[in-house]
Amino acid sequence: MEIEFWWLLALPLFFVMGWLAARIDIRQIVHESRALPRSYLSGLNFLLNEQSDKAIDAFIEAVRIDPQTIELHFALGSLFRRRGETDRAIRIHQLLVDREDLSEEQRLQALEELGQDFLKAGLLDRAEAVFLRLRGTRADDRAARYLLEIYQQEKDWVKAVDIIRELPAHEDSHWQREIANFYCELAVQALADSRFEDADAHIAAAIAANRACVRASLILGDIFAAQGKDEEALEAWKRIENQAPAYLALAAQRVMDAYRRLERVDQGQTLLRSWLERHPSLDLLDELFHWEIDQDGAQAAYELVREELRRNPTLLGLDKLLEAALLTAPVEHRGDIDLVKQLIHSHTRKVARYRCDTCGFKARQFYWRCPACGGWETYPPRRTEEFDLTP
Ligand SMILES: [Zn+2]
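Calculation notes
- Residues numbered from 1 in each chain as written.
- Predicted model: local features only at pLDDT ≥ 70, side-chain atom pairs only at ≥ 80, totals over all residues.
- Heavy atoms only, no water.
- Donors = N, O, S within 2.8 Å, 3.2 Å for Na, K, Ca; no water.
- Tetrahedral: all angles 85-135°; square planar, octahedral: opposite > 155°, others 65-115°.
- Buried < 20%, exposed > 50% of the residue type's maximum accessible area, 1.4 Å probe, protein only.
- Phe/Tyr/Trp six-rings, centres within 6.5 Å; stacked < 30°, edge-to-face > 60°.
- Helix = DSSP H or I, 4+ residues; strand = E, 2+ residues; numbered from the N terminus.
- Contact = heavy atoms within 4.5 Å.
- Salt bridge = Lys/Arg side-chain N within 4 Å of Asp/Glu carboxyl O.
- Axes fitted to C-alpha atoms, helices over the stretch in contact; angles between N-to-C directions.
- Parallel < 35°, antiparallel > 145°, perpendicular 65-115°, else oblique.
- Left-handed = near helix turned anticlockwise from the far one by under 90°.
- Nonpolar A, V, L, I, M, F, W, Y, C, P; charged D, E, K, R; others polar.

## Some remarks on the coordination of the zinc ion
Here is step 1: Within the protein, the atoms that donate to the zinc ion are Cys 356 (SG), Cys 359 (SG), Cys 370 (SG) and Cys 373 (SG), at distances of 2.3 Å.
Here is step 2: Its 4 donor atoms give the zinc ion angles of 106 to 115 degrees at the centre, a pattern that matches the tetrahedral case.
Here is step 3: Expressed as a motif, the donor residue spacing for the zinc ion is C-x2-C-x10-C-x2-C.
Here is step 4: Of the residues examined, Cys 359 reaches a relative accessible area of 38% and is grouped as partly exposed.

Quick look at the structure:
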């Protein structure tokens, strides 16, 4: 009986306490929302409207009013970096890293942001130091990827090979193409210093990583040629026809130079003609064209290009034909031909580019690594016009 009576008294008391607690909660929320600086909300608004200048001003104001706000510092820091103001981003993230009231998660995040600031500012040593600190943490995988980017920019291919082997496979690939290219880069460096044995070892490692590595065959030929072994060099370059014939264009000039040194230019021309027959390519045609003029005269060169243009009607081929026509035409017609040639040429300059398969970046020069997206072997070794005609 006594307990029930006590309950009767206690029930209203609990109601009152609950009501008070709710009031306190509401007051707390109202207080907090007032504490959130108005400038923070307007900063957010500017950010959503992609007005980063005004957003930064508003966030700076918010940070001034409430210097404790960690999230605001993060927002401001990444805004600065995105706008290319890396020194300001670095200062903010450095301050965050040094703060004692950060949780472990926030400290890792601040370090990662700082590393990205250094990377964007081109301070590769400092970026490397930061990402090395992140190894073994929860950010390990991302840190390894940033380190890979740093080593590629530094052209430190040994470290690049080491770190890429630690990364998980991507899209069914175990990075064979990248690893082979890193070894090719090492081989090119060794070759430049005439360290032929080292260069050979790197090429062997490249082929072990990726048997289909065309670049390794090209460089292997270069290594032989640099030692005066032109026959061996030619064997290496000829192998490309079985590997990936589209890349023969990159070997054409090397092949002709070797045949010239061997004083067997006619054999080189025969080889290039057979390649051109089987694997039409404007760069192959271009190389052969110059040798035809040199060896057999303008008329032979003209016939070669005309035959090729019939097989593969392209603007670039027409450009070449006009060049040949100019050499063989009677003097009184040359002015007109030259005029047409100049018109065509202004067009062909646009289509005579290489284009990255991944990001579409166009370049006059062939790259093994795309300067825009950083992909390896993303440039098909064909001009964009050929590429458009024969996808
Ligand atoms: Zn690209």
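## As for the packing of aromatic side chains
Here is step 1: Counting across every chain of the model gives 10 aromatic pairs.
Here is step 2: Centre to centre, the rings of Tyr 354 and Phe 366 are 5.6 Å apart; their planes meet at 80 degrees, and the pair counts as edge-to-face. Of this pair, Tyr 354 sits in strand S1 (residues 354–355) while Phe 366 sits in the loop between strand S2 (362–363) and helix H21 (384–389); the two residues are 12 residues apart in sequence, bridging distant segments of the chain. For the pair shown, Tyr 354 and Phe 366 are each scored as buried.
Here is step 3: An aromatic cluster is built from Tyr 247, Tyr 354, Phe 366, Tyr 367, Trp 368 and Tyr 379, whose rings are joined through pairwise contacts.

## Regarding the side chain of Glu 185
Here is step 1: Topologically, Glu 185 is positioned in helix H10 (residues 176–192).
Here is step 2: Beyond its immediate chain neighbours, meaning those up to four positions away, Glu 185 contacts Trp 157, Arg 215 and Trp 376.

## Points about the pattern of salt bridges
Here is step 1: With the rule as written, the count across this model stands at 30 salt bridges.
Here is step 2: Across the pair Arg 88 and Glu 85 runs a salt bridge, and its minimum N-O distance is 2.8 Å.
Here is step 3: We note a salt bridge from Arg 135 to Glu 166, for which the minimum N-O separation is 2.7 Å. Highlighted residues: Arg 135 in the loop between helix H7 (124–134) and helix H8 (140–153) and Glu 166 in helix H9 (residues 157–166), separated in sequence by 31 residues.
Here is step 4: Classification of Arg 135 as partly exposed rests on a relative accessible area of 25%.

## What about the packing of helix H4 (residues 70–82) against helix H5 (residues 86–98)?
Here is step 1: One can describe the packing of H4 onto H5 by two numbers: an axis separation of 7 Å at closest approach and a directional angle of 155 degrees. It follows that H4 is roughly antiparallel to H5 by the angle criterion. Judged by the twist between their axes, the crossing of H4 over H5 is left-handed. Residues Ile 70, His 73, Phe 74, Leu 76, Gly 77, Ser 78, Phe 80 and Arg 81 of H4 pack against Thr 86, Arg 88, Ala 89, Ile 92, His 93 and Leu 96 of H5.
Here is step 2: Tallied by class, residues from the contact of H4 with H5 come to 7 nonpolar, 5 polar and 2 charged.

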